[in-house]
Amino acid sequence: QVHVVESGGGLVQPGGSLILSCAATGESFGSFRFGWFRQTPGKDREYVAAIGWSDGRPYYADSVKGRFTISRDKAKSTVYLQMNNLKPTDTAVYYCGTGRLIVSSLPFARNYNYWGQGTQVTVSS
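On a predicted model such as this, the values are computed, not experimentally measured, just so you know.

Definitions and limits used
Residues numbered from 1 in each chain as written. Predicted model: local features only at pLDDT ≥ 70, side-chain atom pairs only at ≥ 80, totals over all residues. Heavy atoms only, no water. Helix = DSSP H or I, 4+ residues; strand = E, 2+ residues; numbered from the N terminus. Rg over C-alpha atoms; globule rule 2.2 N^0.38 Å. Buried < 20%, exposed > 50% of the residue type's maximum accessible area, 1.4 Å probe, protein only. Contact = heavy atoms within 4.5 Å. Areas by Shrake-Rupley, 256 points an atom, 1.4 Å probe, with all protein chains shown as cover. Lys, Arg positive; Asp, Glu negative; His and termini not counted. Charge placed at Lys NZ, Arg CZ, Asp CG, Glu CD. Core = buried A, V, L, I, M, F, W, Y, C linked by side-chain atoms within 4.5 Å. Pairing = 2+ DSSP bridges. Salt bridge = Lys/Arg side-chain N within 4 Å of Asp/Glu carboxyl O. Polar contact = N/O pair within 3.5 Å; in protein donor to acceptor, adjacent residues only side chain to side chain. Phe/Tyr/Trp six-rings, centres within 6.5 Å; stacked < 30°, edge-to-face > 60°. Lys NZ or Arg CZ within 6 Å of the ring centre and 35° of its normal.

**Student:** Please provide a residue-by-residue account of the overall build of the protein chain, values included.
**Tutor:** In terms of regular secondary structure, the protein chain is built from zero helices and 11 strands. Secondary structure elements of the protein chain, listed N to C terminal, follow the sequence β-β-β-β-β-β-β-β-β-β-β. Computed over the C-alpha atoms, the radius of gyration of the protein chain is 13 Å, within 12% of the 14 Å expected from 2.2 N^0.38 for a compact globule of 125 residues. Across its three principal axes, the protein chain shows a C-alpha extent of roughly 40 × 30 × 25 Å. Here the protein chain holds 125 residues, and the buried ones make up 43% of them. Restricting to contacts in the protein chain with at least 6 residues of sequence separation, those with at least 24 account for 57%. Looking at the protein chain as shown, the accessible area adds up to about 6200 Å², and 49% of this sits on carbon and sulfur atoms. Counting 13 positive and 8 negative side-chain charges, the protein chain places the centres of these two groups 3 Å from one another.

Right under this line is the structure:
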C-alpha cells in the first residue's frame, strides 16, 4: 500500500512558475514509477509527466516538454514537478499517481494503482 499527497498548487500569472510536490509513504518504491496528471471539469485525466523511482528517468507529454521538469528525491520520498512558463491552458487539478508500471503504460491513468487528492493550479492574470 502506498499513500501519496500532493501540494504546491496555487494561483500564478501567465509566464510564471510553480513547483508541485508529491510526498509518498508506504511500501518500498523501488519498482514503482510516478506520474503527474491533470484534469479539468468534464474531461478525462491528462498525462503530464512520469519518472522511474529507481533510475530517475523522466518521461513527458509533448504538451509540456521544455516547460515542465519532473524529478524525485529519494531521501525525502518526494516527486516534484517544476512548471515554468505557465499558460492559462495549464489550469487544472494536478494529480500524482504511482504503481508498478511499464513504460508503455505511463500515459494512461487507468494503470496507476494509487492516487493523491490533487492540487489546484490556476494560471490567470
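Now that the structure is up, let's keep going.
**Student:** How would you sum up the nonpolar core? Please name residues and give values.
**Tutor:** Taken as a class, soluble globular proteins show a tendency for nonpolar side chains to be buried jointly. Among the nonpolar cores identified, the biggest contains 36 residues, and Phe34, Trp36, Leu81, Met83 and Tyr94 are the most heavily contacted of them. If you tally residues by element for this core, the top one is strand E5 (residues 46–52), at five residues.

**Student:** Explain the pairing of E5 to me, using residue names and the numbers behind them.
**Tutor:** Most of E5 is tucked away: six of the seven residues are buried. For strand E4 (residues 33–39) and E5, the ladder comprises six bridges, and the chain directions are antiparallel. Note that in E5 the partner of Arg33 across the bridge is Gly52. Between E4 and the antiparallel strand that follows it, E5, lie six residues; Gly42 among them carries a positive phi value of about 85 degrees. Linking E5 back to strand E6 (residues 58–60) in an antiparallel pair, the connection comprises five residues, with Gly56 at a positive phi of about 70 degrees.

**Student:** An account of the side chain of Arg33 is needed here, citing residue identities and associated values.
**Tutor:** One can find Arg33 in strand E4. Although buried, Arg33 forms no salt bridge, and the nearest oppositely charged side chain, Asp55, lies 4.8 Å from it. A distance of 2.6 Å separates a polar atom in the side chain of Arg33 from the backbone oxygen of Leu101. The residues contacting Arg33, other than those within four sequence positions of it, are Ile51, Gly52, Trp53, Tyr59, Gly97, Thr98, Gly99, Leu101, Ile102, Val103 and Leu106.

**Student:** Pulling in residues and values, what's your account of the packing of aromatic side chains?
**Tutor:** In the structure shown here, the tally under the stated rule is nine aromatic pairs. Between Phe32 and Tyr114 the ring centres are 6.5 Å apart and the planes differ by 10 degrees, which places this aromatic pair in the stacked class. Of the two residues, Phe32 is situated in the loop between strand E3 (18–26) and E4 and Tyr114 in strand E10 (residues 114–115); the sequence distance between them amounts to 82 residues. The exposure class of Tyr114 is buried, given its relative accessible area of 18%. The rings of Phe29, Phe32, Phe34, Trp53 and Tyr114 are connected pair by pair, giving a single aromatic cluster. Sitting over the face of the ring of Trp115, Arg45 holds its NZ or CZ atom 4.7 Å from the ring centroid.

**Student:** Quick rundown of the side chain of Arg67? Include the residues and the values.
**Tutor:** Its location among the elements puts Arg67 in the loop between E6 and strand E7 (68–73). With relative accessibility at 10%, the residue Arg67 sits in the buried group. When neighbours within four sequence positions are excluded, Arg67 is seen to be in contact with Gln82, Met83, Asn84, Asn85, Leu86, Lys87 and Asp90.

Remember that the coordinates give geometry; whether it matters functionally is a separate question.
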